[in-house]
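This is what each chain is made of:
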Amino acid sequence: MNTEESITFLTEAMPESILNSKKFLGEATIEINKQKVLQILELLKQKSGPGYELLSDLTAIDYIEPKKVTKIVYWLQNPNHFSRLRIITFVERGESISSVTSLWSGANWYEREIFDLFGVSFEGHPDLTRLLMTDDWTGHPLRKDYKLTEESVEFKHGVHPKVPSDIIHVKRNQKYL
């Protein structure tokens, strides 16, 4: 199945779980209901169906406006004809999402990284512990509302360093998807 046929197949198989789909610059994106992420990805992975057997990437993007949510992005690829499909869903702060380690064992590292840096919990993950930050680290540094830490540095010749919170401005009215 090519990408368009796969989207049609998915829309017919689970219409209540597809929230939005669009194609831009030759790449397809499908927004799904987060409660059905495991079932949808399992359906897309089937060799006899769409055949997106490869999870090439799993990442996240944090938003603070209009509400605090994290977008989870799954990049799937069909190894037979190299078509790619982007699956996205949104998780609010404090909510969790199903782990896909039962489908792709390599998702273990991606999910641990997202947990560590964004604070998203993955239900059913075999070892959801910090990956990049130290175990005693407080918070999740890739959240947009994470407080910048500022170390005081002394320079020679009367040079005063710039303070990150004084030079970094938050952009307002960002749109999702």
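This text goes with the structure placed above it.
Keep in mind the model is a prediction, meaning the values are calculated, not measured.

So, how was this worked out
- Numbers given for residues are sequential positions, taken from 1 along each chain in its written order.
- Where totals are concerned, whole chains, interfaces and linings use all residues; where local detail is concerned, this predicted model gives features only for residues with pLDDT of at least 70, and gives and counts side-chain atom pairs only at 80 or more.
- In computing side-chain values, all of the structure's heavy atoms are included and hydrogens and water are not.
- Strand pairing is assigned whenever DSSP detects at least two bridges linking the two strands.
- Counting from the N terminus, the helices are DSSP H or I runs at least four residues long and the strands are E runs at least two residues long.
- Axis definition: a line fitted to C-alpha atoms, limited for helices to the stretch in contact. Angles are taken between N-to-C directions and run from 0 to 180 degrees.
- In this analysis, two residues are considered to be in contact whenever any of their non-hydrogen atoms come within 4.5 Å of each other.
- Type-normalised accessible area, obtained with a 1.4 Å probe on protein chains alone, sets the label of each residue: buried when under 20%, exposed when over 50%, and partly exposed for intermediate values.
- As used here, the arc is the angular range of directions from the helix axis to the C-beta atoms.
- Polar contacts here mean pairs of N or O atoms no more than 3.5 Å apart (in protein, one a potential hydrogen donor and the other a potential acceptor; neighbouring residues in sequence count only if both atoms are side-chain atoms).
- Aromatic contacts are taken between Phe, Tyr and Trp rings whose centres are within 6.5 Å, Trp giving its six-membered ring; a plane angle under 30 degrees counts as stacked, one over 60 as edge-to-face, and the others as tilted.
- Placement of a positive charge over a ring is assigned whenever Lys NZ or Arg CZ falls within 6 Å of the ring centre and within 35 degrees of the normal to the ring plane.
- The definition of a nonpolar core used throughout is a set of buried Ala, Val, Leu, Ile, Met, Phe, Trp, Tyr and Cys residues joined through side-chain atoms within 4.5 Å.

A. Local environment of the sheet that holds strand E1 (residues 18-24). Spatial ordering of the open sheet is given by E1-E2-E5-E4-E3, a layout of five strands whose pairing is mixed. Strands with a single pairing partner mark the edges of an open sheet, and in this sheet they are E1 and strand E3 (54-63). Adjacent strand axes in the sheet meet at a mean angle of 20°, parallel and antiparallel pairs treated alike. In this structure, E1 lies alongside strand E2 (residues 27-32), joined through six bridges in antiparallel fashion. Of the residues in E2, the one forming a bridge with asparagine 20 is glutamate 31. Across the face of the sheet, helix H3 (residues 107-118) comes into contact with E3 and strand E4 (69-77) while running at roughly 5° to E3.

B. Just helix H1 (residues 3-13), in detail. Those residues of H1 lying buried are Thr3, Ser6, Ile7 and Leu10. Projection of H1 onto a plane perpendicular to its axis shows the buried side chains occupying an angular sector of 100°, all on one side. In this fold, the buried residues of H1 make contact with E1, E2, helix H2 (37-45) and strand E5 (84-92). Residue asparagine 2 occupies the N-cap position of H1, its side-chain oxygen lying 3.1 Å from the main-chain nitrogen of glutamate 4.

C. Summary view of the packing of aromatic side chains. Applying the stated criterion across every chain yields a total of one aromatic pair. Judged by centre distance (6.5 Å) and plane angle (50°), the ring pair of tyrosine 63 and phenylalanine 90 falls under tilted. Remark: phenylalanine 90 occurs in strand E5 and tyrosine 63 occurs in strand E3; sequence separation between them is 27 residues. Across this residue pair, the class does not change: tyrosine 63 and phenylalanine 90 are buried. Across the ring face of tyrosine 63, the terminal group of lysine 144 is positioned such that the distance to the ring centre comes to 5.6 Å.

D. Quick peek at unusual backbone geometry. Cis peptide bonds are those with omega within 30 degrees of zero, and the linkage from glutamate 65 to proline 66 qualifies with 5°. Its location among the elements puts proline 66 in the loop between E3 and E4. You will see that leucine 25, though not glycine, has its phi angle at about 50°, which is positive. The residue leucine 25 is located in the loop between E1 and E2 in this model. Its relative accessible area of 76% is what places leucine 25 among the exposed residues. You will see that phenylalanine 82, though not glycine, has its phi angle at about 60°, which is positive. With a relative accessible area of 61%, phenylalanine 82 lands in the exposed category.

E. Representation of the nonpolar core in the model. Formed by 33 residues in total, the largest nonpolar core has its most connected members in Leu41, Leu44, Tyr74 and Ile87. Mapped onto this core, the elements with two or more residues apiece are H1, E2, H2, E3, E4, E5 and H3. Ignoring any residue separated from it by four or fewer positions in sequence, one finds leucine 44 in contact with Leu10, Pro50, Gly51, Tyr52, Leu76, Leu85 and Ile87. Judged by nonpolar contacts, the second largest core, of six residues, contains Val69, Trp75, Ile88 and Phe90.

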